[in-house]
Every structure is written in C-alpha cells, then in structure tokens.
Amino acid sequence: MRKTECLAMILAGGQGSRLGALTKKIAKPAVPFGGKYRIIDFPLSNCANSGIDKVGVLTQYRPLELHNYLASGSAWDLDQKDGGIFILPPYAREKGADWYQGTADAIYQNLNFIDLADPEYVLILSGDHIYTMDYSWMLEAHKMNKAEATIGVIEVPWEEAPRFGIMNTDKTGRIEEFEEKPAKPKSNLASMGIYVFNKNFLKKYLEEDAKDETSSHDFGKNIIPKMLQDKARLYSYAFEGYWKDVGTIESLWQANMDLLQDEPPFDLKGEKRIYSSTQSMPPHYIGPDAKVKNSMISEGSMVLGEVENSVIFPGVRIGKGVKVTNSVIMPSTIIRDGAVVDYAILAQNCEVAAGAKVVGELGAITVVAEGETVVAEDSGKQAG
Amino acid sequence: MKDVMGIINLQEDNKLIRELTEKRVVESLPFAGRYRLIDFTLSSMVNSGILNVGVMLPDKPRSVLDHLRSGKDWDLARRHDGLFYLPSPSEEDSIRKGDLKNFYHNLDFFEHSSQKYVLLTSGSFVYNVDFSQLLRFHQNTSADITMVYYTASSEQAGNNVVLETAENGLVTDLAEKPAIYDGSKVAMSVYLIEKRIFVELVRFTYEHGGQDLLMDGIIRRANEYNIYACEHDGYVAHVDSTSAYYKSNMDILQPEVWEELFMGENSIYTKGKDEVPVQYKETAKIKNSLVANGCVIRGEVENSILFRGVTVGKGVKIKNSIIMQKCDIQDDSLVENVICDKNVVISKEKWLKGANNYPLIITKNVVI
C-alpha cells in the first residue's frame, strides 16, 4: 500500500446496551441520528474532512447492518485504489478465535493490519459520539509537542467531571495525571476517547499489555495509565465545540432535539459536511392538511398529519390526523391515520396502527423497537 | 437485458422552453425538487438491466457532463461497458442540420459494442419504465422497430409524433403533428431496434441526404420496416415547453404520481448530494408541497416545489411556484406562480406574481 501518514482506527464493535431496544439488532454506531445519519457518519466524515484516507473500522457486535451500510466506503470518499475503508471484525488463527476483549485488545489483534498500512501515526476513535473535528490539527499539535501520545480532551462542567476520565495537565498541556471518574476531580478536562499515538510507541505498549493476564485491555484503564507511569510524553489536545455521547436513550433523544432549536448548539448545516450513505429518494411530500412546525424532515417521507418538535428520518409515512410531537421517527416507519406519538423514539421499520398511541414523557422516553407494531389500545412499549 | 445497449439522444429542439434552457439543455433541467430530466430515462435503462449506455452530447455539454460524470450514481462506472459520451462531430459537417449526422459519425461505437439490440431514447420524458417488457414484445413479433406510446387524455399543443396502430400493435401510420387530442397515441421517443438494422438505417439515410433520424430515417422510410408499438400506461410527461415543465412538476404534488415515479421497486437515481434534512422552524407553515433536503423554512409554502438549499424567511408566502437550488427568499416577500432558477435572491418585501397559466420565470443568479 501507498505510505500513509496517519491511519484511523474506529472502534465500532460495541453493543451500546444502554440504548436498549435500539441496539437489539444493530451495533451502536449503526443507530440512526439527526434525521438522516448514523452515529458512525460523524467519525467517518471527520476522517474524510481531515484528509485521512485510510480508516480501519473494528466491528464485533451484530455487525451486519453496519457492514451493509459502510459497503465500499464510497459515501465518505473512502472507496480508493490504495487506501480507503477496511472493515476489521475478529478473526480466527491457527490457535483458534478470540473476540475483542477490550478497546486495546481490539487494536492489538489488528497490529498486522497496522503493520501492513505502515503509518507514522495511529488515530484511535470511538464510533459513539456526535461532533465535528478536524483531526489534522490534533496531529499537528502532537507533532509540535513531540508527543508520544496525544489525548483529545474537552472541558466539561465541574459537576459532571466525576462521570469522566479526567486529565490533570501542566501549563504546556502535558498530562501529569489521569483519574478515572474521580469523586473529587482536580481538573475538568475530560478524555474524549480520541488518541493519537506514534505507531511504534503504541505497538510496544499493546504487545506488553497483551501478555498481562490481569489487564482488562482497555485504553483508559490500562494502556494510558501505564504510559503515564513510564513518564512517557503524553499531551492533551483541547477540543472546543459540541461533543455529545449518545449512549443512552435519554441522551440520544436529547441530542436529536438539540438540532431543532432555532439556533442549534450543533447545527448540521453550519458544521463541516457530514457524509452518509443514502438511498436515492425524492424530496419529501407534505400534504394539504399537514402541519409541520419546529421539526426536521428528510427525503422520501410523506407527511399528511401534524408534526411538531420532531425529527423525521427518510421514508417515513405519517397518515392523516396523526399527531407526532417531541419524537424521533427513524427510517421507513409507518404511522397510520389518527395515531398519536409523543416523547418517543420509533426505531426503523416499525409501525403504529391506526388510532394507536405511543406516549412517553420527558425523562422517560418510550421506545418502539425495530420492526415492531404498536396496536391501538396499547399504551406503548416499555422505555428501553 | 444484457443484450441491449442504450442510447440517449440529447439533440432536442429547445425553442419552446428557451428561458430555462439558455445556459443548459432541456435534459439537464432540474425537476421534482431533486432530479434532472435525463435521470428518468437513464434510471429506467439501468433498472431494466442495460449496462452499456451511450449519451450523445449536445453542443452545450457541460451541465450533462457535470451531472453524469463517470456514471457511478447509476452503477455505470464499470470496467466493462458502462457510460460513454458520444460527442457531436466537429465543424466539418455543420452544413447539415439535424441529429442524424451525430449518429453517423459515432457508428463505430455501435459496431464495437457487443449487444444485439439498441434502445434509443431522448432525455426529456418523465417516466419510470422497465424496458424488459418492451424487449419481450419486440422479440415476440416480427418487428424491426418497436416504439412505446402513451394515450393522451387531453388536448395539448406542441410537436408530437402520433401513431395509428392495428390491434396487434403494428404501426399503420406515424406522423409529426402540431397538436394532440384525447385518445391520441403519442410516441415517447423510445425505439427498440436490432443493432444491425439500426446501423443500416443510419448509414443509408445519412448517405442519401437525410438529416433527422426520426423524420428521414423512420417516418419517411416507414414502409421499409415492420414497426410495432406497445403502450405504456403509467405516468408520463414530455417536457417540451415551459408550460409542460411547470405542469409536470406540479403533477408530482399528487401523491399517486410521487409514489409511482419514485417509491416503487425501481428508484430514479441522480447525482448524490450530502444535504441536511429540511429544517422547519417555529413560524413555518407548509401545505401540499415537495421540499428537498438542505432547505430552511421560516415562512409559508403552498402548492410548491423547493429544491435543495432554499431558504424561506419569516413572513414569506410562496404559492404555486418552483424554486430551484439555493435560492434565498427573504423576509416578507411574496412569490406566486413563479419559476425561480437557481441561486436567485429575492430580497425583503418583494412581490412577484406570474399569471395562473403563465408562470413568471426568473433566470439564474438574479438578485431582486
């Protein structure tokens, strides 16, 4: 392969169990977001916009939909002769097969791929967050600091700091200490799970860690602390901007709702282009008796009823007399005449029968799982 | 249908649709909020299994080339066969008018293709057709040429080719007429011909002074060939005038037409764009309209088609209009019975109104 400066590795193997019904059949990075996208579109588009043209995507949990979606990578301009997208599920060797045991183990098991790509730097990303970022600036900072590893950090409100892995840094940004979910945090710089490593430096630590049977093979729990212990040159890179973990039903719902504000904190239109793989569908049709307010609607949908404060994905059918409010309706879902949907997330391809009601409330969003049908007289499914 | 090669002829007459085609050909006209006219015939070919498609370029080819590019969006960026561009011949032969010379000068393309049949279409019809039925019909009769027609349900002026057929589909008359009536069988510019016959037709007609493929090659020589026709009973529109353009776009506001053209088994493919889903803000009011991704709506839109990236300000009222890509309709303006070409800016508090059956056309990039 042509020599690469920076290889990106996206960890996309997780289930995202806190997303409940939404990840019963698909991996978390394949979960729809923002009226048109999937969560993985964000790190992938960031790579494309950062000039990174070689990306490994590590899959494991229920990867079919994700593999199908990624295809040859052409939607992100990653369909290339000598680079592009590489899908990396766990694989068998002579001695048998091993699932990925942790974030570091997943990368360790793909060292042969990294050797083949032979980059100078390896960028580790998770497939879980909504944000736009130009990774080339982080790489520049890494080079300027002559760092061996650079960790992306973001300022979080002090009350929230105990939820995160917190980096304590000196004035130059060099990391002195790392505390996982500290009860009394000394700084409010949270790790974003975005790392740039010098390739050989990373390789050394992964190989050592693999031999340690007591390790949980996790970057945050094992690799970074070990690097710090050895007083390696670890630097922080401060990111400013919207960055949201959408790992729970409530946060996924809220992040979608954030997009509906008059001046959204994360404006898809204002940010760098987010690419996604889409089917060819016509502009959506709004009927003569429809009412649409404060919402986002995508292509191929037909809206004959009322939609307010909601995010409507492609191919959705909303019948006459329907009221959809404060909800996220994922692709190809059908909501038949007279139904009511409020404070809910409807997963792909589900159906709400005529006159049925799916009603949740703020703080307890109702979720209807992929492919399910809600019949009338039913007050909706259990929140996931 | 791997035995069939497609040819899209983009040499149409633009007279009746001048304002919209000053800087582009008819086939590149934006349509239904997202597409270009040529997408319909090209997608129909690809969905029918045709993998070798030649596009005869017009004299102003840039918009076509920019839209089709490698053919990848239609799965025609292939190692073998795929999309080919057939340029018009150089100035040497400019004395002769008509499209026949373009076919004649590109005959080697036909001769080098491996397929047995040629499917010839034009790029200004709106339809979603599976041509494999046409091939079966052609093979079951003794046809040299099989055409496709639709039955008109109302009167309309405009140059159309009108057919008379016998019960079994044999064409008994074929003529260009200035008007069509309820019941007229109107040709859709679709011809299926065995390649060997097609090459002979082009060569003979051109070398004996012909200029126009349809008129000189087929209509005038109709007696030499067995011409059959089969009927298409789905939606079809011929965009050959400004009023036809306006009317056929408005037809898409009928849910049955929208469904039939775009939401059936076979999609219409087009050049991909990464636009954001439409943002309807608090003051938006929308009825009976088609809105493409990338739009931001703060005003009222009724019976209209908005292409991608259009912004509609507060207090705006848009009615019965077609607003193309990236127009900016600013606060409190009124736009009724208007076709806005792309990138138009209508600044605050302007009133623009066309007549009910004669829309006001605003050319691209204009600022009002």
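Residues numbered from 1 in each chain as written. Chains lettered and ligands numbered in written order. Predicted model: local features only at pLDDT ≥ 70, side-chain atom pairs only at ≥ 80, totals over all residues. Heavy atoms only, no water.

## Points about the confidence of the model for chain B
Part 1: For chain B, mean pLDDT is 92; residues scoring 70 or higher make up 98% of the total.
Part 2: For this predicted complex, the interface confidence score (ipTM) comes to 0.93, while the overall pTM stands at 0.92. (pLDDT = per-residue confidence, 0-100.)

## Considerations on helix α7 (residues 219-229) of chain A
All names here are of chain A.
Part 1: For α7, the complete set of buried residues consists of Phe-219, Gly-220, Asn-222, Ile-223, Ile-224, Met-227 and Leu-228.
Part 2: In this structure Asp-218 caps α7, since a side-chain oxygen of it lies 2.9 Å from the backbone nitrogen of Gly-220.
Part 3: Note on α7: the residue one or two positions beyond its end, Lys-231, has a positive phi of about 55°. (Buried < 20%, exposed > 50% of the residue type's maximum accessible area, 1.4 Å probe, protein only. Helix = DSSP H or I, 4+ residues; strand = E, 2+ residues; numbered from the N terminus. Polar contact = N/O pair within 3.5 Å; in protein donor to acceptor, adjacent residues only side chain to side chain.)

## Considering the packing of aromatic side chains
Part 1: Here the structure, examined in full by the defined rule, presents 26 aromatic pairs over all chains.
Part 2: Between the aromatic rings of Tyr-131 of chain A and Tyr-135 of chain A, the centroid separation amounts to 6.5 Å while the plane-to-plane angle is 65°, which identifies the pairing as edge-to-face. In terms of burial, Tyr-131 of chain A and Tyr-135 of chain A fall into one category: buried.
Part 3: Here the aromatic residues Phe-33, Tyr-37, Phe-42, Tyr-242 and Phe-266 of chain A are joined through ring pairs into a cluster of three or more.
Part 4: The ring of Tyr-91 of chain A has Arg-93 of chain A lying over it, and the distance from NZ or CZ to the ring centre is 4.4 Å.
Part 5: In this structure, Arg-96 of chain B packs its charged tip against the face of Tyr-206 of chain B, placed 3.8 Å from the ring centre. (Phe/Tyr/Trp six-rings, centres within 6.5 Å; stacked < 30°, edge-to-face > 60°. Lys NZ or Arg CZ within 6 Å of the ring centre and 35° of its normal.)

## Considerations on the packing of helix α6 (residues 199-211) of chain A against α7 of chain A
All names here are of chain A.
Part 1: At a minimum axis distance of 11 Å, the contact between α6 and α7 shows a crossing angle of 115°. Note that α6 runs across α7; the crossing there is right-handed. When α6 is examined against α7, the residues Phe-201, Leu-202, Tyr-205, Leu-206, Glu-208 and Asp-209 are found in contact with a partner set consisting of Phe-219, Asn-222, Ile-223, Lys-226 and Met-227.
Part 2: Taken together, the residues of the contact of α6 with α7 sort by class into 7 nonpolar, 1 polar and 3 charged. (Axes fitted to C-alpha atoms, helices over the stretch in contact; angles between N-to-C directions. Left-handed = near helix turned anticlockwise from the far one by under 90°. Contact = heavy atoms within 4.5 Å. Nonpolar A, V, L, I, M, F, W, Y, C, P; charged D, E, K, R; others polar.)

## Examining the sheet that holds strand β23 (residues 328-329) of chain B
Part 1: Spatial ordering of the open sheet is given by β30(A)-β27(A)-β24(A)-β21(A)-β18(A)-β14(B)-β17(B)-β20(B)-β23(B)-β26(B), a layout of 10 strands whose pairing is mixed. Strands at the two margins of the open sheet, each flanked by one partner only, are β30 (366-368) of chain A together with β26 (345-346) of chain B.
Part 2: Across 2 bridges, strand β17 (residues 296-297) of chain B lies against strand β20 (residues 311-312) of chain B in parallel orientation. In the strand pairing of β20 of chain B, Ile-297 of chain B is matched with Val-312 of chain B.
Part 3: Across the face of the sheet, helix α8 (residues 249-258) of chain A comes into contact with β21 (311-312), β24 (328-329), β27 (344-346) and β30 of chain A while running at roughly 90° to β27 of chain A. (Pairing = 2+ DSSP bridges.)

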